[in-house]
Amino acid sequence: MSVENDPEPLVLGLTTEQMPPLVQVRRWTATALADLDDDHLEAVLLISTELLTNAYEHGSSPYGVRLRRGRVPCRVRVEVDDTSPDQPVVGRSRLADTRGRGLIMVDKLSWKWGVSPLPDGGKTVWATISCDQEGWIPCAGNG
Ligand SMILES: [Zn+2]
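Residues numbered from 1 in each chain as written. Predicted model: local features only at pLDDT ≥ 70, side-chain atom pairs only at ≥ 80, totals over all residues. Heavy atoms only, no water.

As annotated in an unreviewed UniProt entry, the protein is ATP-binding protein from Saccharothrix hoggarensis.

Engineer: Whenever I open this one, the overall build of the protein confuses me. Can you help?
Structural biologist: The number of helices and strands found in the protein is three helices and six strands. Counting from the amino terminus, the protein carries its helices and strands in the arrangement β-β-α-α-β-β-α-β-β. Residues classed as buried in the protein amount to 41% of the 143 residues present. Contacts in the protein between residues far apart in sequence, at least 24 positions, make up 55% of those at least 6 positions apart. Summing over all exposed atoms, the protein offers an accessible surface of approximately 7,900 Å²; the carbon and sulfur share of this is 52%. (Helix = DSSP H or I, 4+ residues; strand = E, 2+ residues; numbered from the N terminus. Buried < 20%, exposed > 50% of the residue type's maximum accessible area, 1.4 Å probe, protein only. Contact = heavy atoms within 4.5 Å. Areas by Shrake-Rupley, 256 points an atom, 1.4 Å probe, with all protein chains shown as cover.)

Engineer: Please explain the packing of helix 1 (residues 22–32) against helix 2 (residues 38–57) as it appears in this structure.
Structural biologist: Two numbers describe a pair of packed helices, the interaxial angle and the distance between the axes. Contact geometry for helix 1 and helix 2: axes closest at 10 Å, N-to-C directions at 150 degrees. Taken together, the axes of helix 1 and helix 2 lie roughly antiparallel to each other. Handedness of the crossing formed by helix 1 with helix 2: right-handed. Where helix 1 abuts helix 2, its residues Leu 22, Val 25, Arg 26, Thr 29 and Ala 30 lie against Leu 41, Glu 42, Val 44, Leu 45, Leu 46, Ser 48, Thr 49, Leu 52 and Thr 53. In terms of residue class, the contact of helix 1 with helix 2 is made up of eight nonpolar, four polar and two charged. (Axes fitted to C-alpha atoms, helices over the stretch in contact; angles between N-to-C directions. Parallel < 35°, antiparallel > 145°, perpendicular 65-115°, else oblique. Left-handed = near helix turned anticlockwise from the far one by under 90°. Nonpolar A, V, L, I, M, F, W, Y, C, P; charged D, E, K, R; others polar.)

Engineer: In this structure, what is going on with the coordination of the zinc ion? I would like to understand it.
Structural biologist: Six octahedral donors around a metal ideally make angles of 90 or 180 degrees; four tetrahedral donors ideally make 109.5 degrees. Here the zinc ion is held by His 40 (ND1), Cys 74 (SG), Cys 131 (SG) and Cys 139 (SG), and the distances to it run 2.0 to 2.3 Å. Geometry at the zinc ion is tetrahedral, judged from the four donor atoms that bind it and their angles of 105 to 118 degrees at the metal. Motif for the zinc ion, donor spacing along one chain: H-x33-C-x56-C-x7-C. Of this pair, His 40 sits in helix 2 while Cys 139 sits in the segment after strand 6 (123–130), and the two are 99 residues apart along the sequence. A relative accessible area of 1% places His 40 in the buried class. Judged by its relative accessible area of 2%, Cys 139 is buried. (Donors = N, O, S within 2.8 Å, 3.2 Å for Na, K, Ca; no water. Tetrahedral: all angles 85-135°; square planar, octahedral: opposite > 155°, others 65-115°.)

Rendered as structure tokens:
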């Protein structure tokens, strides 16, 4: 696992392991986004956890996480690269009831989310979390 601190984006490389490295990813994200207010940060952490867990559950070997930070408006885009071209499944699946539920949460908490194919056959699942959404309290220092 390596952490590069490019100004934009912040990239966390993952080695493929049996269990998702959720603790490391959460710690890395919380450090990188330490100036966000708690609610905004917690939403980013929940979503990055879900995107990673979902990729592992579907055997699509996530290998990288990126964070892109926008300040006006205050937005964070989380991107998870994996090796599978399969689209993530939202909602119930015939394989297991629990599959896909995390993405319902991602859909509710994020401003926008989606899937972009990668040239090597994998994909990036991304979600943008903005605190200027209806019903949110904007982070201090951002307006
Ligand atoms: Zn914010």
